[in-house]
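Breakdown of the fold
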Amino acid sequence: SYQTLFFAEVLNLWECGLAGKIPEELYNVTTLQYLYFMDQELTGTLSTHVGQLTNLRDVDFSRNRFTGTIPLELANLEALGKFRLANIPVYCSRL
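Because the structure is a prediction, the values reported are computed rather than measured. (Residues numbered from 1 in each chain as written. Predicted model: local features only at pLDDT ≥ 70, side-chain atom pairs only at ≥ 80, totals over all residues. Heavy atoms only, no water.)

1. Things to note about unusual backbone geometry
Positive phi, close to 50°, is recorded for glutamate 15, a residue that is not glycine. The backbone of aspartate 39 sits at a positive phi, close to 55°, despite the residue not being glycine.

Structure representation (structure tokens):
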């Protein structure tokens, strides 16, 4: 349950077999400082609600299947020192 995460500072879910979108409830855990979702099958776009996680210091979403743009709200996270999106398939179209 996400209610038990309410005061979490670290969420490390590496190779847990998660798939689909990141649940919106996660963005209510404003105590998070370290958020790791590496090597999953997460899809969809990163929510603009990530800007609510004002205590984030380090984020790693590497090796997932996100689409869309990186939310501008990340620029407002003053404590954020590292944000990684390595090895995510990038699809480009010709203009």
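2. Quick notes on the pairing of strand E4 (residues 41-44)
Defined as follows: The cut-offs for exposure are 20% and 50% of the maximum accessible area for each residue type, with area from a 1.4 Å probe on protein chains only; residues under the lower value are buried, those over the upper are exposed, and the others partly exposed. Helix numbers and strand numbers start at the N terminus; a helix is a DSSP run of H or I with at least 4 residues, a strand a run of E with at least 2. Between any two strands, at least two bridges found by DSSP are needed for them to pair.
With burial as the criterion, only one face of E4 is covered, namely that bearing Leu42 and Gly44; the residues Glu41 and Thr43 on the opposite face remain uncovered. Pairing geometry for strand E2 (residues 19-20) and E4, over 2 bridges, is parallel. Within E4, the position partnered with glycine 20 by the bridge is leucine 42. Pairing analysis gives 2 bridges linking E4 to strand E6 (residues 65-66), with the strands arranged parallel. Paired with glycine 44 across the strands is phenylalanine 66, a residue of E6.

3. A short note on the sheet that holds E4
One key point about sheets: their strands pair by backbone hydrogen bonds, in either a parallel or an antiparallel sense. Spatial strand order, E2-E4-E6: 3 strands in an open sheet with parallel pairing. The open sheet is flanked by E2 and E6, the only strands paired with a single partner.

4. Here's the deal with the packing of aromatic side chains
For the record, the criterion: Each Phe, Tyr or Trp ring, with Trp reduced to its six-membered ring, pairs with another whose centre is within 6.5 Å; inter-plane angles below 30 degrees give stacked pairs, above 60 give edge-to-face pairs, and intermediate values give tilted ones.
Taken as a whole and assessed by the stated rule, the structure comprises 3 aromatic pairs. Relative to phenylalanine 83, the ring of phenylalanine 61 lies with its centre 6.0 Å away and its plane at 90°, an arrangement referred to as edge-to-face. Taken together, the positions of phenylalanine 61 in the loop between strand E5 (58-60) and E6 and phenylalanine 83 in strand E7 (residues 82-84) put the pair 22 residues apart, joining distant regions of the chain. Accessibility expressed as a relative area gives 3% for phenylalanine 61, which makes it buried. Taken together, the aromatic side chains of Phe37, Phe61, Phe66 and Phe83 make up a single cluster linked through ring pairs.

5. Section: the environment of glutamate 25
Position of glutamate 25 among the secondary structure elements: in the loop between E2 and strand E3 (34-36). For glutamate 25, a relative accessible area of 42% gives the class partly exposed.

6. Regarding the sheet that holds E5
Rules: Axis definition: a line fitted to C-alpha atoms, over the contacting stretch in the case of helices. Angles run 0 to 180 degrees between N-to-C directions.
Across the sheet, 4 strands lie side by side as E1-E3-E5-E7; this open sheet has parallel pairing. At either end of the open sheet lies a strand with only one pairing partner, and these are strand E1 (10-12) and E7. On average, each strand axis in the sheet is inclined to that of its neighbour by 5°, with strand direction left out of account. Taken together, the 3 bridges between E1 and E3 define a ladder with parallel strand orientation. Considered in E3, the bridge of valine 10 is made with tyrosine 34.

7. Brief notes about the pattern of salt bridges
What counts here: Any Lys or Arg side-chain nitrogen located within 4 Å of an Asp or Glu carboxyl oxygen qualifies as a salt bridge.
Following the criterion strictly, the structure yields 4 salt bridges and no others. For arginine 63, the salt bridge identified is with aspartate 39, shortest N-O distance 2.5 Å. Here aspartate 39 lies in the loop between E3 and E4 and arginine 63 lies in the loop between E5 and E6, a separation of 24 residues in the sequence. Residue class for arginine 63 comes out partly exposed when judged on its relative accessible area of 35%.

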